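One letter stands for each residue in the lines below.
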Amino acid sequence: MNPSTGDFKARVRVALKDRHLAQALGRARDGFVLKRRKAVDARPDFEALRDRGVAIRDHTLDHLEDYLDQFIRAFEAQGGQVHRAADAEQARRIVLDICAQADARRVTKGKSMVAEEVGLNEALDDDGYDRVETDLGEYIIQLAQETPSHIIAPAVHKTREQITELFHTHHQELGFKERTTSIPGLVNEARSVLRERFLTADVGITGANFLVAENGASVIVTNEGNGDLTATLPRVHVTVTGIEKVVPTLEDMTTLLRLLGRSATGQAMTSYTTLSTGPRRGDDLDGPLAHHVVLVDNGRSGMLTDPRYRAMLRCIRCGACLNHCPVYGAIGGHAYGWVYPGPMGSVLTPLNRGLANAPDLPQACTLNGHCAEVCPVKIPLPEMLRGLREYQFEQRVVGRGSRWGGWLWGQMASRPGLYRSVARWSARTLAWLGRGKGVLRRLPMASGWFSGGRYLPVPEGRSFMEMWGKGGGVPDSPLTPTPLPGGERGSGPQATGFSDDLPSPRGGEGSGMRGVAGRVPEFPLTRTPLPGGERGSMDTMEAFQAGLEQVGGTVEWIEQPDDIPRYLSGFMRQQGLRGPLVVAPALAYLDWAGAGLEPRFGPAQGDETVGLSRAVCGVGETGTLVLTSGADDPTTLNFLPEYHLVVLSSADVVDCLEDAWTRLRAQGQPWPRTVNLITGPSRTADVEQTIQLGAHGPRSLRVLLIR
Ligand code: SF4
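The paragraphs below set out a description of the structure included in this document. (Residues numbered from 1 in each chain as written. Predicted model: local features only at pLDDT ≥ 70, side-chain atom pairs only at ≥ 80, totals over all residues. Heavy atoms only, no water.)

**Focus: the side chain of Thr 609**
Then, number 1: Position of Thr 609 relative to the elements: it lies in the loop between β15 (600–601) and β16 (610–614).
Then, number 2: A relative accessible area of 16% places Thr 609 in the buried class.
Then, number 3: If we skip the residues at most four places from it in the chain, Thr 609 touches Leu 577, Gly 579, Pro 580, Pro 641, Glu 642 and Tyr 643. (Helix = DSSP H or I, 4+ residues; strand = E, 2+ residues; numbered from the N terminus. Buried < 20%, exposed > 50% of the residue type's maximum accessible area, 1.4 Å probe, protein only. Contact = heavy atoms within 4.5 Å.)

Quick look at the structure:
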């Protein structure tokens, strides 16, 4: 799909008149902005985290091929297969070939913007596959035959009433005869419909938020758990992702995770972060038989060599720039015409599709600078957009009126005296024209500007310079100077804190899985304030419990492992649950019959009410559980049952994720096929930004903490 000038302006006009869209965007914007603000304020070292995030991303981009090579070798050593796609056509061909070789009929998909970028959905549909989008937002827009309008909330533009009608139209033949109008009802209905599709899929396709070079892990970050069901249940798992997603180490990924959750949804950690390192191992009880990673270039190498736009490859797709953009907030995502909307899309689309195909997007910006202020990896989006505008001006690809206006502005701006006079005159004239009105809705010779409900607040009658000169309450400029790509960064690796004589990433192989350790300057971890007071006033255990409870999980103290069956029997009786109960084989040694229970031991089948698994670690920083797959620990237990209970020894609660990685490394090779970081029950906010538990995975998460 190529955006075009005419299309963009027409779409903007339509969007500005859509009152449902305005309502949905207003609700989403307020929610995202407030949640991010709260999460960022709770982390006093957030600015330092951003700096470190920038350093990690820039360093990785400086050595991209080395880290990709390291990732590929680690992933293939664990049985995975890597494919490199130079462009969208190759990416589609590779995935279609994998589906054909798997003799697939039904293909489930987790949310993947790269899959959207390469047109994979249409290709799968054209080849006759039963494609099922499993992220609730993506499922809604699949039913509506639309494209995502936000990179993390694809159906943000849909109201509850619209979703009710969509479900009523498409689910009647599945037995849902009545219209479902409540948000919990809609989420439950989607859960029921999609559960059967998860269980019968042949191929599952997901994206990846990160690829870890150190251990060959592809990492997905979700709240619903649909990504895990998509990756675990089908015979074949395909990860489709961009080459820039690679990071050197687990610690680097952890820093970016801290930035991603807070910037995207205001969460310290999303419910599920999963590291997958290949197909099912010989003694695994579940997981895909084959795992492919498709590394998509599609213009990224070109951006890498262009110092002006290279920093765009730092993007971790958090969506914060969209949420804080007044233009996106007014017109929504579809008006941008391609998969990436908002400020990041206004840069990415012209770079990827060609400026000639998206000439209006660099202009779809007020240059207020808010996007750069909130971007967790400090991408100078306004400067990039201004650069694209300058290029358009130089190439004379903008209309005569705009060029003339730009020239006139340049003449004025380079003559301070003239500029001040014109600004003074304009402020007074506009104030006089709008006297007593509050806002201006029309101006002589500018009627086009006011189309689609636009208006201009009436100025005070004094120019900015007049107010500034008198010290008269001028607010701080929202523009924060940010380094230009290729500008200050041009001073080389030192600019990001790396030294020139660092060992090459490959040079560290001999030092084991952490072969690239030592590159990133040491960065002191600060303690994270949690509800109930500063994190420093809590011990690790209290912080773990508080973190888990904050996200809807619960903790139950158990004296000793032998007490678990009796506790579970009482819990099920109290909750009115009959089972089936499925238990990790690792816990089969307990006296279940003595407690009157007859659990299944092994992977979950999809009909279980209660699942019991064990965690290798708990993380105090965020209340996160760390679970690994293996012969005695099936992954499906963590996602299919409605009630998920997890056994954790209190001796295994560590301070932060870095400590968990140290423990896992100490276990030696091989790295587990899957590492699940679980921080609360499954959740979604895809219907009117209202949080509902139990989107696809467990509705309830309870930790049995052994003293
Ligand atoms: S450009 Fe920055 S704020 Fe926007 S999605 Fe990317 S990382 Fe997030």
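**What to know about the site of the ligand**
Then, number 1: In the region of the ligand, 14 residues are neighbours, and Cys 315, Cys 318, Gly 319, Cys 321 and Cys 375 sit closest.
Then, number 2: For the shell around the ligand, the residue count by class is 12 nonpolar, 1 polar and 1 charged. (Near = heavy atom within 4 Å. Nonpolar A, V, L, I, M, F, W, Y, C, P; charged D, E, K, R; others polar.)

**So, the pairing of strand β10 (residues 290–296)**
Then, number 1: The buried count for β10 comes to 7 of 7 residues, which makes it a mostly enclosed element.
Then, number 2: Side chains Ala 290, His 292, Val 294 and Val 296 of β10 all project onto a buried face; the interleaved residues His 291, Val 293 and Leu 295 project onto the opposite face, where all are buried too.
Then, number 3: Taken together, the 5 bridges between strand β1 (residues 81–85) and β10 define a ladder with parallel strand orientation. Note on β10: the bridge partner recorded for His 83 is Val 294. (Pairing = 2+ DSSP bridges.)

**Regarding helix α22 (residues 540–550)**
Then, number 1: Taken as a whole, α22 has its buried residues at Met 541, Ala 543, Phe 544, Ala 546, Gly 547 and Leu 548.
Then, number 2: Each element contacted by the buried residues of α22 is listed here: β13 (554–558), β17 (617–619), β18 (624–628), β19 (643–649), β20 (653–654) and β24 (700–706).
Then, number 3: Where α22 begins, the capping side chain belongs to Asp 539, and its oxygen is found 3.1 Å from the backbone nitrogen of Met 541.
Then, number 4: Looking one or two residues beyond α22, the residue adopting positive phi is Gly 552, at roughly 95°. (Polar contact = N/O pair within 3.5 Å; in protein donor to acceptor, adjacent residues only side chain to side chain.)

**Quick look at the sheet that holds β24**
Then, number 1: Here we have 6 strands laid out as an open sheet, ordered β13-β24-β19-β16-β14-β15, and parallel in their pairing. Both edges of this open sheet fall to β13 and β15, since each of them pairs with a single strand only.
Then, number 2: Summarising the sheet, strand β14 (residues 581–583) and β16 pair through 3 bridges and their orientation is parallel. Along β16, the bridge assignment pairs Val 583 with Leu 612.
Then, number 3: Lying on the sheet, α22 is in contact with β13, β19 and β24; it crosses β13 at an angle near 140°.
Then, number 4: In this fold helix α23 (residues 564–575) packs onto β13, β14, β16, β19 and β24, with an angle of close to 155° to the strand it touches most, β19. (Axes fitted to C-alpha atoms, helices over the stretch in contact; angles between N-to-C directions.)

**Focus: the nonpolar core**
Across soluble globular proteins, nonpolar side chains show a tendency to be buried alongside one another.
Then, number 1: Among the nonpolar cores identified, the biggest contains 120 residues, and Met 253, Met 312, Met 344 and Trp 661 are the most heavily contacted of them.
Then, number 2: Residue assignment places this core across two domains, with domain 1 (65–300) and domain 2 (535–706) each supplying three or more.
Then, number 3: Excluding anything up to four places from it in sequence, Met 344 contacts Ile 151, Met 312, Cys 315, Arg 317, Cys 321, Leu 322 and Leu 381.
Then, number 4: Judged by nonpolar contacts, the second largest core, of 40 residues, contains Ile 163, Met 541, Leu 548 and Leu 701. (Core = buried A, V, L, I, M, F, W, Y, C linked by side-chain atoms within 4.5 Å. Domains from an automatic or database assignment.)

**Topic: a nonpolar patch on the surface**
Then, number 1: The grouping of Phe 393, Trp 404, Trp 407 and Leu 408 at the surface amounts to a nonpolar patch, some 450 Å² of accessible area in total.
Then, number 2: Looking at which element gives the most residues to the nonpolar patch, the answer is helix α19 (residues 400–413), with 3 residues.
Then, number 3: Here Phe 393 is to be found in helix α18 (residues 381–394). (Patch = residues over 30% accessible without salt bridge, like charges linked within 9 Å, V, L, I, M, F, W, Y side chains within 5 Å. Areas by Shrake-Rupley, 256 points an atom, 1.4 Å probe, with all protein chains shown as cover. Salt bridge = Lys/Arg side-chain N within 4 Å of Asp/Glu carboxyl O.)

**So, the pattern of salt bridges**
Then, number 1: As enumerated under the stated definition, the model contains 42 salt bridges in all.
Then, number 2: The closest approach of N and O atoms between Asp 202 and Arg 235, which form a salt bridge, is 3.2 Å. Here Asp 202 is found in the loop between α10 (183–199) and β4 (203–206), whereas its partner Arg 235 is found in the loop between α11 (226–232) and β7 (236–242), with 33 residues between them in sequence.
Then, number 3: Look at Asp 202 and you get buried, because its relative accessible area is 15%.

**Structural notes on the environment of Thr 554**
Then, number 1: Mapping Thr 554 onto the fold places it in strand β13.
Then, number 2: Expressed as a C-alpha distance, the spacing of Thr 554 and Ser 700, which sit 146 residues apart in the sequence, is 8.4 Å.
Then, number 3: When near neighbours in sequence (up to four residues on either side) are disregarded, Thr 554 contacts Leu 548, Leu 701, Arg 702 and Val 703.
Then, number 4: Reaching out from Thr 554, the side chain makes a polar contact with the side chain of Arg 702 at a distance of 3.3 Å.

**Looking at helix α12 (residues 250–264)**
Then, number 1: In this model α12 runs 20 Å from its N-terminal to its C-terminal C-alpha over 15 residues, within 8% of the 21 Å that 1.5 Å per residue would give.
Then, number 2: Taking burial as the measure, the 15 residues of α12 include 15 buried ones, the bulk of the element.
Then, number 3: Phi for Gly 266, located one or two positions after α12, is positive at around 75°. (Expected span 1.5 Å × (residues − 1).)

**Some points on the sheet that holds strand β6 (residues 217–222)**
Each strand in a sheet pairs with another by means of backbone hydrogen bonds, the pair being arranged parallel or else antiparallel.
Then, number 1: The 8 strands lie next to each other as β8-β5-β6-β9-β21-β18-β17-β20, forming an open sheet whose pairing is mixed. Every interior strand has two partners, whereas the edge strands, β8 (246–247) and β20, have only one.
Then, number 2: Here 5 bridges tie strand β9 (residues 272–276) to strand β21 (residues 674–678), and the two strands are oriented antiparallel to one another. What sits directly across from Leu 275, in β21, is Val 675.

**As for unusual backbone geometry**
Then, number 1: The phi torsion at Gln 145 lies on the positive side, around 55°, for a residue other than glycine.
Then, number 2: Relative to the elements of secondary structure, Gln 145 occurs in the loop between α8 (136–143) and α9 (160–171).
Then, number 3: Note on Gln 145: relative accessible area 75%, which makes it exposed.
Then, number 4: Residues other than glycine seldom take positive phi values, yet Arg 317 does so here, at roughly 55°.
Then, number 5: As for its position among the elements, Arg 317 is in the loop between α13 (300–304) and α14 (320–323).

**Quick look at the environment of Phe 601**
Then, number 1: For Phe 601, the location among the structural elements is in strand β15.
Then, number 2: Classification of Phe 601 by relative accessible area gives partly exposed; the value is 39%.
Then, number 3: With 20 residues separating them in the primary sequence, Phe 601 and Leu 581 have C-alpha atoms 8.8 Å apart.

**Focus on the packing of aromatic side chains**
Then, number 1: Inspection of every chain in the model, using the stated rule, returns 9 aromatic pairs.
Then, number 2: With a centroid separation of 5.6 Å and an interplanar angle of 80°, the aromatic rings of Trp 409 and Tyr 419 are classed as edge-to-face. Pair noted here: Trp 409 is in helix α19 and Tyr 419 is in helix α20 (residues 416–433), with a separation of 10 residues, a long-range link.
Then, number 3: The ring of Trp 432 carries the charged tip of Arg 435 above its face, separated from the ring centre by 4.5 Å. (Phe/Tyr/Trp six-rings, centres within 6.5 Å; stacked < 30°, edge-to-face > 60°. Lys NZ or Arg CZ within 6 Å of the ring centre and 35° of its normal.)

**Side note on the packing of α9 against α10**
Then, number 1: As a packed pair, α9 and α10 sit with axes 11 Å apart at the nearest point and diverge in direction by 35°. The two elements α9 and α10 cross, and the hand of that crossing is left-handed. The residues of α10 that touch α9, namely those facing Arg 160, Ile 163, Thr 164, Phe 167 and His 171, are Ile 183, Leu 186, Glu 189, Ala 190 and Val 193.
Then, number 2: Taken together, the residues that form the contact of α9 with α10 break down as 6 nonpolar, 2 polar and 2 charged. (Left-handed = near helix turned anticlockwise from the far one by under 90°.)

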